[in-house]
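Spelled out, the chains give:
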Amino acid sequence: MKAKVLLSLILLCGGLAAPAARAGDAAPAASPPPASCEVPAYLLTSESPLPKVADAIRAGKPLEILVIGSRSTTIPASENSSYPARMEAILKEKLPPSEVVRVSVEIQSKKTAEETASTFVKLMEAKTPTLVVWQTGTVDAIRASDPDEFRSAVTEGVAALQNAGADVVLMNLQYSPRTETMISAQPFLDNMRVVAQEHGIPLFDRFAIMRQWSDQGQFDLFSPSRGPDLAKQVHDCLGRALAQFVFDAARLEPAQQQN
Amino acid sequence: MIRPLCETTAGSLHSFNVAICGRVFEPPMTIADRVTGSTIAGAAEARPAGTRPRTAVPAITLPAIGERELRLDLFRGLALWLIFIDHLPPSLLTWFTIRNYGFSDATEIFIFISGYTAAFVYGRAMLESGVVIATARILRRVWQIYVAHVFLFTIFLAEISYVATRFENPLYTEEMGIMDFLKQPDVTIVQALLLRFRPVNMDVLPLYIVLMLALPLILWSMKWRPDVTLGLSVVLYAVTWEYDLYLSAYPNGFWAFNPFAWQLLFVFGAWCALGGARRMSRILSSRVTMWMAIAYLAASFYVTLTWYVPQLSQFMPKLIEQWMYPIDKTNLDVLRFTHFLALAALTVRFLPRDWPGLKSPWLRPLILCGQHSLEIFCLGVFLAFAGHFILAEVSGGAAMHALISLSGVLIMWGVAWVISWYKRVADKSGAKTKNAVGNADLAGGG
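Structure report, in brief. It should be emphasised that the depicted structure is a prediction, and the values quoted were computed from it without experimental measurement.

Focus: the overall build of chain B
Working step 1: Secondary structure summary: chain B contains 17 helices and 4 strands in total.
Working step 2: Across chain B, the fraction of contacts at a sequence separation of at least 24, relative to all contacts at a separation of at least 6, is 76%.
Working step 3: Element-wise, carbon and sulfur atoms account for 69% of the exposed surface of chain B, whose accessible area totals about 19900 Å².

Pasting the structure below:
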């Protein structure tokens, strides 16, 4: 038991040290993010690069981003405050003014990963994005799909997107504390992590980030409030974190940033 | 006649001698019995075992009933606490649960010990009262577990209906899709009664029900040839993996714990209880086994660490990753099973049965909980629901979380104590005829 106590202490210290380390190397952004958006560095770090995004920006080509998601990609009746819109705004601030950034959104509500992935070939013929952010897992978790089938669906989907010539970022489920005892998210989180590792693509860990905010008391995600304010704030922070994540994963130099 | 059974069993020092022994009341026994415990294979008994004690290997050996094997209770109690904590939303305490330090988790411990104790209790019943009576007793137990499952499902329905009517945060419109099944209660409830619709955290009892239903067959086969039975179990496990056997669930998907795969742990537990553990004692006491177990646990700990510290994963060879992932809980991945074996091997080595700590008052709460596992398991699931409800309605702070976890554990202990106390009183005043036939609690679980 002693060893476990020690271990958990070490892990904890690591967790606590990470945000502190982050404060030092934060790049100055045009609009300072709200304090509540703070995310530990390890949640925004990815070993996997985004070569096509990096090339596009280096060559001064427009950056086309397609977000494929579900109902949690948007806020009902406030699309402009949803995380794809916020990411677009922040990326525009971070990138040189000459750089064109376009974010489009493809919502496939109530569709499992398998159903969504089957549309990818057609979808990618219609649009030719540099980067696809594929947010999935929620519908599968609600329907308790077989995790194995979910994994192969995500694998196929990622392959289809890559074959169409896009960089891919996977985004997992929301952290939803109210429904935590009703929706089993873990197998889907695990399998998305596995697919991301196997394909060497970045995984934006929306679940862990939102849980971090909830644990640290930045947002009260238990709130039963019917107003859109909380959703807007959370999506704003998610958009910022995602923009930062894409920026870092594409290994964009701070020099480029300040052009 | 009082006789010290342990003295005569082989490999007594370091061995994985989980057989329950001690000074016990037993009818007079033959010499063969003195050597091997009470045996069933007629051939073994007929042999002059006094001269060649270890050559005659009986089909199964049953340890005598006497003192309880406290280690089993201890670890089952521990598994119950861990399952409770794992079912609560993650918090500081979650870092103490074993799933963060390796592949296997409390479920493995639970199913193994359940197999062990079930075989122990009902195996004896089968020897003493025959197959029919033992089967009837097993079915009665299955019914109890089924009722417990339905009870938990009712509580779940109450919780989910409450959330569905009270909670409309626009951030979570999508997640509220989980309530869709409330639109057709006619189908859902029937499917739940058929064990096909199982909400989150309610997967263990259906698995246990199916395993217990198979227990008469397992025991009957063990009575004949324990090793062959274990072999068949391994074959079924392999066939499950090769041909993808499963039980389907409602509305879609599969059982979260595939009984065709998880039966391996259960049967292995039964096999150990019926003498297998004793025969493995030499392997278990060897240093090679110990170091292999330690190396495996260390490696799996490292792999687990890469999940939490992604920076470490660059030191993981891609080939190993590809071979290893995914580590499948549904079908009891070999890596998980091996991890459990390694844990068990080290446990029996470093925690001897007569370890004085087992009698210490500090471990008493755990042991008490382990002794009433079905009740305490259900209570744990209920407390996890209730705790989650309080977190959502009152406050979600870390202090509240710690308080809920702690009071949950205390309540489990308190209830286990009350049940023990009641049983003691009832036994005293009740029938003295109902003695050492073994009670259902020992085999309980979920």
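That shown, we press on.
Some words on the interface of chain B and chain A
Working step 1: With 51 residues of chain B in contact, the opposing surface of chain A contributes 55 residues.
Working step 2: In this assembly, chain B packs against chain A so that about 4800 Å² is buried in total across both faces, 61% of it on carbon and sulfur atoms.
Working step 3: Area buried by chain B at its contact with chain A is led by Leu171, Glu174 and Glu175 of chain B, which between them contribute 14% of it.
Working step 4: Taken together, chain B and chain A are joined by 0 salt bridges.
Working step 5: When contributions to the side of chain B that touches chain A are tallied by element, the ones reaching two or more residues are α5 (131-166), α11 (287-308), α12 (318-324) and α15 (373-393) of chain B.
Working step 6: At 6 residues, α5 of chain B tops the list of elements feeding residues into the side of chain B that touches chain A.
Working step 7: Along the lines of polarity and charge, the residues of the side of chain B that touches chain A split into 28 nonpolar, 13 polar and 10 charged.

Looking at the packing of helix α4 (residues 106-129) of chain B against helix α9 (residues 259-279) of chain B
A pair of packed helices is captured by two measures, namely the crossing angle of their axes and the spacing between those axes.
Residues and elements named next belong to chain B.
Working step 1: Running from amino to carboxyl end, α4 crosses α9 at an angle of 45°, the nearest separation of the two axes being 7 Å. Considering their axes alone, α4 and α9 lie oblique with respect to each other. Note that α4 runs across α9; the crossing there is right-handed. Within the contact between the two elements, α4 uses Thr107, Glu108, Ile111, Phe112, Ser114, Gly115, Tyr116, Ala118, Ala119 and Phe120 and α9 uses Trp262, Leu265, Phe266, Phe268, Gly269, Ala270, Cys272, Ala273 and Leu274.
Working step 2: Residue composition of the contact of α4 with α9, grouped by class: 14 nonpolar, 4 polar and 1 charged.

Looking at the packing of aromatic side chains
Working step 1: Scanning the model with the defined rule gives 23 aromatic pairs over all chains in all.
Working step 2: Measuring from centroid to centroid gives 5.9 Å for Phe110 of chain B and Phe377 of chain B, while their planes differ by 35°, and the two rings are tilted. Residue Phe110 of chain B is found in helix α4, and its partner Phe377 of chain B is found in helix α15; the two are separated by 267 residues along the sequence.
Working step 3: The exposure class of Phe110 of chain B is buried, given its relative accessible area of 1%.
Working step 4: Taken together, a centroid distance of 5.7 Å and an interplanar angle of 45° make the contact between Phe112 of chain B and Phe268 of chain B tilted. Placement of the pair is Phe112 of chain B in helix α4 and Phe268 of chain B in helix α9, with a sequence separation of 156 residues. Side by side, Phe112 of chain B and Phe268 of chain B carry an identical accessibility label, which is buried.
Working step 5: Here a set of aromatic residues connected by ring pairs shows up, and it is made of Phe112, Tyr116, Phe268, Trp271, Phe337 and Phe340 of chain B.
Working step 6: Cation over ring: Lys94 of chain A sits above Phe247 of chain A, and NZ or CZ is 5.3 Å from the ring centre.

A closer look at helix α6 (residues 185-193) of chain B
All names here are of chain B.
Working step 1: Where α6 is concerned, the buried positions are Thr188, Gln191 and Ala192. All buried residues of α6 fall inside an arc of 100° around its axis, so they share one side.
Working step 2: Those residues of α6 that are buried are in contact with α5.
Working step 3: Downstream of α6 by a residue or two, Leu195 has a phi angle that is positive, lying close to 65°.

Details of the pairing of strand β4 (residues 167-171) of chain A
Residue and element names in this part refer to chain A.
Working step 1: When you tally the buried positions in β4, you get 5 out of 5 residues, the bulk of the element.
Working step 2: When strand β3 (residues 131-135) meets β4, the two strands line up parallel, connected through 5 bridges. Each bridged residue has a counterpart across the sheet, and for Trp134 the counterpart in β4 is Leu170.
Working step 3: Strand direction decides the pairing type here: β4 and strand β5 (residues 203-204), joined by 2 bridges, are parallel. Each bridged residue has a counterpart across the sheet, and for Leu170 the counterpart in β5 is Leu203.
Working step 4: Regarding the hand of the β-α-β motif, the stretch spanning β4, helix α8 (residues 186-199) and β5 is right-handed.

As for the state of the cysteines
All names here are of chain A.
Working step 1: If you walk through the whole model with that rule in mind, you get 1 disulfide over all chains.
Working step 2: Each sulfur in the disulfide pair Cys37 and Cys237 lies 1.9 Å from the other. Its torsion about the S-S bond being -80°, the disulfide of Cys37 and Cys237 is classed as left-handed. Of this pair, Cys37 sits in the loop between α1 (2-25) and α2 (51-58) while Cys237 sits in helix α10 (residues 229-249), and the two are 200 residues apart along the sequence. Across the pair, exposure class does not vary: Cys37 and Cys237 are buried alike.

Cut-off values and rules
Residues numbered from 1 in each chain as written. Chains lettered and ligands numbered in written order. Predicted model: local features only at pLDDT ≥ 70, side-chain atom pairs only at ≥ 80, totals over all residues. Heavy atoms only, no water. Helix = DSSP H or I, 4+ residues; strand = E, 2+ residues; numbered from the N terminus. Contact = heavy atoms within 4.5 Å. Areas by Shrake-Rupley, 256 points an atom, 1.4 Å probe, with all protein chains shown as cover. Buried area = accessible area lost by both parts, 1.4 Å probe. Salt bridge = Lys/Arg side-chain N within 4 Å of Asp/Glu carboxyl O. Nonpolar A, V, L, I, M, F, W, Y, C, P; charged D, E, K, R; others polar. Axes fitted to C-alpha atoms, helices over the stretch in contact; angles between N-to-C directions. Parallel < 35°, antiparallel > 145°, perpendicular 65-115°, else oblique. Left-handed = near helix turned anticlockwise from the far one by under 90°. Phe/Tyr/Trp six-rings, centres within 6.5 Å; stacked < 30°, edge-to-face > 60°. Buried < 20%, exposed > 50% of the residue type's maximum accessible area, 1.4 Å probe, protein only. Lys NZ or Arg CZ within 6 Å of the ring centre and 35° of its normal. Arc of directions from axis to C-beta. Pairing = 2+ DSSP bridges. Right-handed = clockwise from strand over helix to strand, strands pointing away. Disulfide = S-S within 2.5 Å.

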